[in-house]
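Each chain, written out:
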Amino acid sequence: MSKMEMNRRSLLKHSAGVMALAIGGGTPFLSSRAAYAQAANLAKEQLRTIGLSVTVQERILDEFRKVSGVGQTSGTAATFPDAQTKILSGSKDYDCWEIIGERLPSIVMTNNVEPVPAASLMNWANIRETFTTPSDKWEPKQQIVGQIWADDAKTTLNMVPAVYNYDSIGYNPDVLSAEEANTWSAIFDPKWKGKSGLNTDPLIAFGQAIMAMNTLGLLNVKNPGNPSTAEIDEAAKFLVSKKKDGQFRALWGDFGELVNLMASGEMVVCDAWQPAVMAVKAQGKACKYAVPKEGYRGWAIGPSMIAGTPNKDAVIAYADYWLSGEPGITVSEQGYYSPSTNIQKVMAPDKYAFWYEGKPWVGAAERGIKEGDLRDGGSLAERAKNVAYWHQWPDEYDHLVQKWDEFLNA
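Residues numbered from 1 in each chain as written. Predicted model: local features only at pLDDT ≥ 70, side-chain atom pairs only at ≥ 80, totals over all residues. Heavy atoms only, no water.

Caption draft 1: Summary view of the confidence of the model for the protein chain. When pLDDT is averaged along the protein chain, the result is 90; 90% of the residues meet or exceed 70. Contacts from residues 14-35, a stretch scored under 50 in pLDDT, to residues over four places away or in other chains number 45 contacts. (pLDDT = per-residue confidence, 0-100. Contact = heavy atoms within 4.5 Å.)

Caption draft 2: Local environment of unusual backbone geometry. Backbone geometry places Asn111, a non-glycine residue, at a positive phi of 60 degrees. Along the chain, Asn111 turns up in the loop between α6 (104-108) and β4 (116-117). Phi angles above zero are rare outside glycine, and Arg367 is one such case at about 50 degrees. You can see Arg367 is positioned in the loop between α15 (349-357) and α16 (380-384). (Helix = DSSP H or I, 4+ residues; strand = E, 2+ residues; numbered from the N terminus.)

Caption draft 3: The arrangement of the packing of helix α8 (residues 202-215) against helix α9 (residues 229-244) in detail. It is the contact of α8 with α9, at a shortest axis distance of 10 Å, that shows an interaxial angle of 90 degrees. Taken together, α8 and α9 sit at an angle that is classed as roughly perpendicular. When α8 is examined against α9, the residues Phe206, Ala209, Ile210 and Met213 are found in contact with a partner set consisting of Ile232, Glu234, Ala235, Ala236, Phe238 and Leu239. In terms of residue class, the contact of α8 with α9 is built from 9 nonpolar, no polar and 1 charged. (Axes fitted to C-alpha atoms, helices over the stretch in contact; angles between N-to-C directions. Parallel < 35°, antiparallel > 145°, perpendicular 65-115°, else oblique. Nonpolar A, V, L, I, M, F, W, Y, C, P; charged D, E, K, R; others polar.)

Caption draft 4: View of the pairing of strand β9 (residues 269-272). Along β9, one buried face is formed by Val269 and Asp271 and the opposite face, lined by Cys270 and Ala272, is buried too. Pairing geometry for strand β6 (residues 163-171) and β9, over 4 bridges, is antiparallel. Counted as the bridge partner of Ile169 is Asp271 from β9. Across 2 bridges, the pairing between strand β7 (residues 196-199) and β9 is parallel. Its bridge partner lying in β9, Gly197 is registered against Cys270. (Buried < 20%, exposed > 50% of the residue type's maximum accessible area, 1.4 Å probe, protein only. Pairing = 2+ DSSP bridges.)

Caption draft 5: A look at helix α11 (residues 274-282). Burial within α11 is extensive, with 7 of its 9 residues counted as buried. Structurally, α11 contributes buried residues whose contacts are with β6, α10 (255-263), β9, β10 (288-289), α15 and α16. In the segment just after α11, Gly284 is the residue with positive phi, at about 80 degrees.

Caption draft 6: Here's a closer look at the environment of Asn342. Along the chain, the position of Asn342 falls in the loop between α13 (326-332) and α14 (343-346). For Asn342 and Gly328, which are 14 residues apart along the polypeptide, the C-alpha to C-alpha distance reads 8.7 Å.

Caption draft 7: Structural context of the side chain of Ser332. Topologically, Ser332 is positioned in helix α13. Setting aside residues no more than four positions away along its own chain, Ser332 makes contact with Ser338, Ile343, Met347, Trp355 and Tyr356.

Caption draft 8: Inspection of the environment of Lys44 at higher detail. By the secondary structure assignment, Lys44 is in the loop between α3 (33-40) and β1 (46-51). Counting along the chain gives 10 residues from Lys44 to Val54, while the straight-line C-alpha distance between them is 27 Å.

Caption draft 9: Quick look at the packing of aromatic side chains. Going through the model one piece at a time under the given rule, you end up with 21 aromatic pairs. When the centroid spacing of 6.3 Å and the interplanar angle of 80 degrees are considered together, the rings of Phe248 and Phe407 count as edge-to-face. Taken together, the residues Phe248 in strand β8 (residues 248-252) and Phe407 in helix α17 (residues 397-409) connect sequence positions 159 residues apart. Across this residue pair, the class does not change: Phe248 and Phe407 are buried. Note on Phe354 and Trp361: the rings are 5.1 Å apart at their centroids and 90 degrees apart in plane angle, and the pair reads as edge-to-face. The residues Phe354 and Trp361 share a single accessibility class, namely buried. One aromatic cluster in this structure is built from Phe131, Tyr164, Tyr166, Tyr337, Tyr352, Tyr356 and Trp390. Here Lys243 stacks its cationic end above the ring of Phe407, 5.2 Å away from the centre of that ring. Directly above the aromatic system of Tyr296 lies the positively charged group of Arg383, at a separation of 4.7 Å from the ring centroid. (Phe/Tyr/Trp six-rings, centres within 6.5 Å; stacked < 30°, edge-to-face > 60°. Lys NZ or Arg CZ within 6 Å of the ring centre and 35° of its normal.)

Right, here's the structure in full:
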């Protein structure tokens, strides 16, 4: 029996059990509103989506409803493991899951996804090469372009990318120097005992622990996103020992929780989403985003159509809306990237220059960003060159989740 088949059976068997343990104007779309409404008759459909609050935002759903003519929209914010549990348990409450690329196998192996034809997306022509052309740095499945397509010919998508980024470490520059913070090992440094934080998603936490262990000379794992059973065991021992030593102030899973812990000073270093760092700065608190010497964690999130949905056209229209440019403004100004070059057509030039091109902030201060400030990490092109690995579904997924349960219970 293949490893993929074993994973598939395990997911089906334990979807409500093991999975739960992991919880802790002017764009092509907008100008085509009438065509969408007429061709798909979206007024008779609804869009029910689930995913992180990163993308499942009421203002984005409201605007999508207005420009598309879809009858109704609703969104549920949930962690990736929680959403996975709901969908694999047979929930019919959602039409799409705004999934992270690494978890796509969970719905592909269990036949819970219906591919979206790229030809049905009017804005697909402006997708960035990251999602169409593999880098020779990694094997295809080790990068996002090798994960989102349902066929080798690249005609149908299991996930339409909507947002992506290169994640790093958030830290308080009044406490840590840039030299101290610019490494994944900072999260596990005893110097910050009781004041560091770790994400509750096991696929994220293990990769970070492994990068830190590589730096500390404890492991030598080429691809932290796909460790072997022995490497998982060593990383689990490391994580458990750190937890028992009181290293972590919190295991966080919620954006608001992360912001509060950093803004209060309770956590001075942690793996973090860049928008959370920006939110802390907006409160007038010192916070920066590190440039890890090991490299960033690469990931992408986007809508996947849940098999059996009665609202297929609504899902396709929603995915296309994300590529139109407009919703990309919201997430870009939080610190993420749009996978579509349409963003440059709709975003204010000065803002695009700051968020995408690494140029100084121009104009009045906004959310903690002042005249002349630079985005931490530089331009999109600079950050894209410094990626340690892309998130992926590990071959030893079941073993990793078992070890994460042991860590949670330690």
